[in-house]
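Remarks on the overall topology
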Amino acid sequence: MAHETFQRTAGSLARRGFSDGSRALRLLDEAGLDPEGDPGHLRIIAALSAAADPDLALLGFARLAESDDSPAELRAALIDHPDLCARLTKVLGASSALTDHLVRHPGDWRELRGADAARAPSAEELRSGLLHLVGADPNDTAPTAAPTAAADCTDPEGLAHTLRVAYRRRVLRLAGRDLTDRCTVDEASAELADLAAAVLDAALAIARAEHAEDAALCRLAVVGMGKCGGRELNYVSDVDVVFVAEPAEGVEDAQAAQRAAARLAAALMRIPGETDSEGTLWEVDAALRPEGKSGPLTRPLAGHVAYYERWAKTWEFQALLKARPIAGDAELGAAYMDAIAPMVWQAASRPNFVDDVQAMRRRVEAHIPAAEADRQVKLGPGGLRDIEFSVQLLQLVHGRSDPTLRAGGTLAALDALSSGGYVGREDAAGLSAAYRFLRRVEHLLQLSRLRRTHVLPDGATPEGQEHVRSLGRALGFTANPVTDLTAAWRRVAGEVRRLHEKLFYRPLLNAVARLPGAEARLTADQARDRLVALGFADPSGALRHLESLTSGVTRRAAIQRTLLPVMLGWFSAAPSPDAGLLGFRQVSEALGRTPWYLRLLRDDVRVAERMAHLLGTSRYVTDLLLRAPEAVAILDDDADLVQRRNAELAAEADAALRRHGDSETAVTAVRALRRRELLRTAAADLLEVTGIEGVGDALTAVTAITIDAALRTAIARVERERGGPLCTRITVIAMGRFGGNELSYASDADVMYVHDPVEGAETGSATESAKAVVFELQRLLELPCADPPLRLDADLRPEGKNGPMVRTLDSYAAYYGRWSSTWESQALLRAVPVAGDPELGARFVRLIDPIRYPAGGIEDDGVREIRKLKARMEAERLPRGADPTLHTKLGRGGLSDVEWVAQLLQLRHAYELPGLCTTGTLDALDVAAAHGRIDPDDAATLEVAWRLAARVRGVVMLVRGKAGDSVPTSLQDRTALALALGYRSEDDGEGAGELLLQDYRQVTRRARAVMERVFYDD
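Criteria and cut-off values
- Residues numbered from 1 in each chain as written.
- Predicted model: local features only at pLDDT ≥ 70, side-chain atom pairs only at ≥ 80, totals over all residues.
- Heavy atoms only, no water.
- Salt bridge = Lys/Arg side-chain N within 4 Å of Asp/Glu carboxyl O.
- Helix = DSSP H or I, 4+ residues; strand = E, 2+ residues; numbered from the N terminus.
- Phe/Tyr/Trp six-rings, centres within 6.5 Å; stacked < 30°, edge-to-face > 60°.
- Buried < 20%, exposed > 50% of the residue type's maximum accessible area, 1.4 Å probe, protein only.
- Polar contact = N/O pair within 3.5 Å; in protein donor to acceptor, adjacent residues only side chain to side chain.
- Contact = heavy atoms within 4.5 Å.
- Core = buried A, V, L, I, M, F, W, Y, C linked by side-chain atoms within 4.5 Å.

Overview of the pattern of salt bridges
For the structure on display, the rule yields 76 salt bridges. A salt bridge links E365 to R497; the nearest nitrogen and oxygen atoms lie 2.8 Å apart. With E365 in helix α18 (residues 353-366) and R497 in helix α23 (residues 481-504), this pair connects stretches of sequence that are 132 residues apart. Connected through salt bridges with shared partners, the residues R644, E648, E652, R676, E677 and R680 form a single ionic network.

Description of the packing of aromatic side chains
Given two aromatic rings, one states the distance between the centres and the angle between the planes to describe the pair. Counted according to the given criterion, the structure contains 11 aromatic pairs. With a centroid separation of 6.4 Å and an interplanar angle of 70°, the aromatic rings of W900 and F1015 are classed as edge-to-face. Of this pair, W900 sits in helix α41 (residues 895-909) while F1015 sits in helix α45 (residues 990-1015), placing them 115 residues apart in sequence. Judged on exposure class, the residue W900 and its partner F1015 are both buried. Owing to a relative accessible area of 0%, F1015 belongs among the buried residues under this scheme.

A short note on the side chain of R807
Tracing the backbone shows R807 in strand β9 (residues 806-808). Among the polar contacts listed, one links the side chain of R807 to the side chain of E799, at a separation of 2.3 Å. Ignoring sequence-local partners within four residues, the contact set of R807 consists of Y753, V754, H755, P798, E799, Y812 and Y815.

Concerning helix α20 (residues 410-419)
Counting buried residues in α20 gives 7 out of 10 residues, a clear majority hidden from the surface. In the core, the buried residues of α20 are packed alongside α11 (185-210), α19 (384-398), α21 (425-449) and α27 (555-573). Following α20 by one or two positions, G421 has its phi on the positive side, about 85°.

So, the environment of G114
Mapped onto the secondary structure, G114 falls in the loop between α7 (96-104) and α8 (115-118). Note on G114: relative accessible area 41%, which makes it partly exposed. When the C-alpha atoms of G114 and L534 are compared, they prove to be 68 Å apart, with 420 residues separating the residues in sequence.

With respect to unusual backbone geometry
Although it is not a glycine, E688 adopts a positive phi angle of roughly 60°. If you trace the backbone, E688 turns up in the loop between α33 (663-686) and α34 (692-722). For E688, a relative accessible area of 58% corresponds to the exposed category. Positioned with a positive phi, N741 is a non-glycine residue whose angle comes to about 60°. With respect to the secondary-structure elements, N741 resides in the loop between α35 (736-739) and β7 (749-757).

Topic: the environment of L64
Here L64 shows up in helix α4 (residues 54-67). For the pair L64 and Q1002, spaced 938 residues apart in sequence, the C-alpha to C-alpha distance is 97 Å. Filtering out sequence-adjacent residues up to four positions away, L64 remains in contact with L74, L88, L102, V103, P106 and W109.

Some remarks on the nonpolar core
The nonpolar side chains of a soluble globular protein tend to be buried, and buried together. Residues F584, L635 and I934 are the most contacted members of the largest nonpolar core, which totals 137 residues. The leading source of residues in this core is helix α43 (residues 936-960), at 13 residues. If we skip the residues at most four places from it in the chain, L635 touches V607, R610, M611, L614, L641, A683 and L687. Grouped together as the second largest cluster of nonpolar side chains are 130 residues, L163, A188, A207 and A434 included.

Put into structure tokens, the structure is as follows:
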């Protein structure tokens, strides 16, 4: 070939993907291929260049052509059979080890030609073929239930060598289909496992021929474990086994039979593991047997059962998850599975089972060499073990009650877990895709040299980068193999790690694992007795709810069947289990097919537990949740339960007003916002995410924002009706507990209305306009709808119910200057503007400050008047029949006692202590104590009583769904209240109510003593 032609052809070959065009041209010449002539030759060269490693493929082809007695036949066959050409070139470019086999056995390229090369063999076909090869009859099970190899052998290297060569040929066929995408990675893994099982059966036949006397004494079954047992074996992996042995029929010496079985087992293990010209196939590893390497190699069935019943550790049951008989005595293997499987599927009931499995995964990860951690396909974070451990843990926990989950293979188990609702469809699909990708990478890594490895090459070295490049090309990343494969690996590993942490550490696993085995899945026969034992007052009604939730074959019903056995225990811990279960059914039905709902409960067990507690505790929360069941999502995170910022709430209220044109719809949308915040606050209260002060702050803030939005809507409506801008400015003044940031769930909003005519407006007309706005405001806030009404109470205005509803600022000034009484000064201590014109609100505050914080303090006549009012209120306003020691508001040591003490201190000392110019009761007590106006111990006693009384009053509303001011006298109601407040006794029953009663009386008695001493002390 002329120099110019040589250079041109070499350059063309380099562009085809061969790293050195000149070297490639020489190798093609040695292989008898003409890159410039025959079109058939060009097709072969194109196939070689499309291999994962074109240089490796070309070198292998040249070696094969050199070793073959008829290279022309090889070239012709490749030209005539494109499938053969694709398979052979792919194998040559991906596996130097299989290339070496082809060179040793040049005619074996024919294994890749024809229909048989494209067809997946069955497990029985593999077994029969290898047994026939060693001269054994696959159907011969007499006299000891296993075939025996022929005594004579034509192979000078022996039957074991013949078996190893046949195994390589089968792997060659599989690799040809695998590398040309004629089988999936799970099909390839299953075939490798079946092939390994066939090798073990043939190896046992050889061992029986070599140890005929031992074979006559025993029956031996080989049980596959790990990847072989699960039919997901790699190209090169240890084959984990356990041996079960029994005496042959008529043999009475059991110990002699075990010794004979051990010798047969040892002989079997040596055959695949020996090294000859074919190399080593793989190691047979029996370390998963009872007692590991310290235990006997074989045991009788009774010995296995006794060990697993008494001594086995958690990890050993996890290992047995994939166990299946693969060789030897099939009847004995089946008996082993019948005896062991029930123990495997009850292992999750063992103490600390879930924690043990999780700890084992962490130990495996901790022992990975640091230099390999980010390249470990199998053991590292985001690797195959993350998927396998997650799947196995879910199987073992849920599989004891759901037989559909008892699959040995990871992918089959994932499909079952997804179908049963234990894993979300997207999560299962993500893990399945990741598993296939990682196994594909692992297979390609091992095919290269047929060595056991799970570590990606180090891309920092030139050799490693070339290996990564060939891996990338084999996986279909042809544009930029190194970058694309690296990015794909990192993406998959990150997603696997995320899903592993989500599923493997799912709290529901621990909760389900702790259930007694019979309760892990509800049945109609078992449920009634369990419901009675759990404290359901109406087990028949509860059973109907359960049947409604769990019947059918829908995914929703499947998830409910997993959740409800656990949730029943949580319902039983609530004050009203029946109400809780009913509420759960109603919420679940309301949400219907909403996809996120059950997924949320399944994946975050804290939501399910919190939901059970709230529904079984609070009628108020249940009612709110039924009006907006989608709000259950806020239970996912404490951050979603804390009070939202006022600016955020105000912005949402503004958006609601802008979205709706008519007043009624706009204010209804704002009231819906208030309802969501009431639910958020109530849930945070009962779940102890917030305290009583946080409850008051949250309720006050959302009430103020609701009133402000409704006021703006009312003003707009009056302006539309009157055909022009309002002729007066209006502000709403919060009073009482509203002004003190101390609203409870049952509180009305105490308010006063102030208006101030704009310049030039006639006072009478301005007042009529203000009255129209106020009445429209009240109407809008009390419109019948699904949301709780917001009642505005203006009884604290001047002259009370007899006075005008709204006054001008000047009218307030005239009234307070001439007619104001002491009780009004006291009431004004809590006055604060909350809605409307802010400048007018500020002017009102400046007006009333001298009245509520009188210079020099309140006079003695005023103190006497306040004391008379307090005594009169106790005598007249306490409801008839109410126990004064249990009334939270007006009773002895209750809210009123504490608040009047604080307010008297403010009237006396606020002029000299600016810190007392506050609307909050506890704030006033703290300031007074800090400045010596009240003994700190007395202040602390009053604060404890106020907190307890306020909490009891609020939780009464939460539990009953309606207001109540007294500690219940009914034992049942008091017990429910006590449990909601967190009181517990040994029986969690009436004892909790008695503890509350004792605590309340003791605390309020002390507060009453302080009140009488401080309030009446001159």
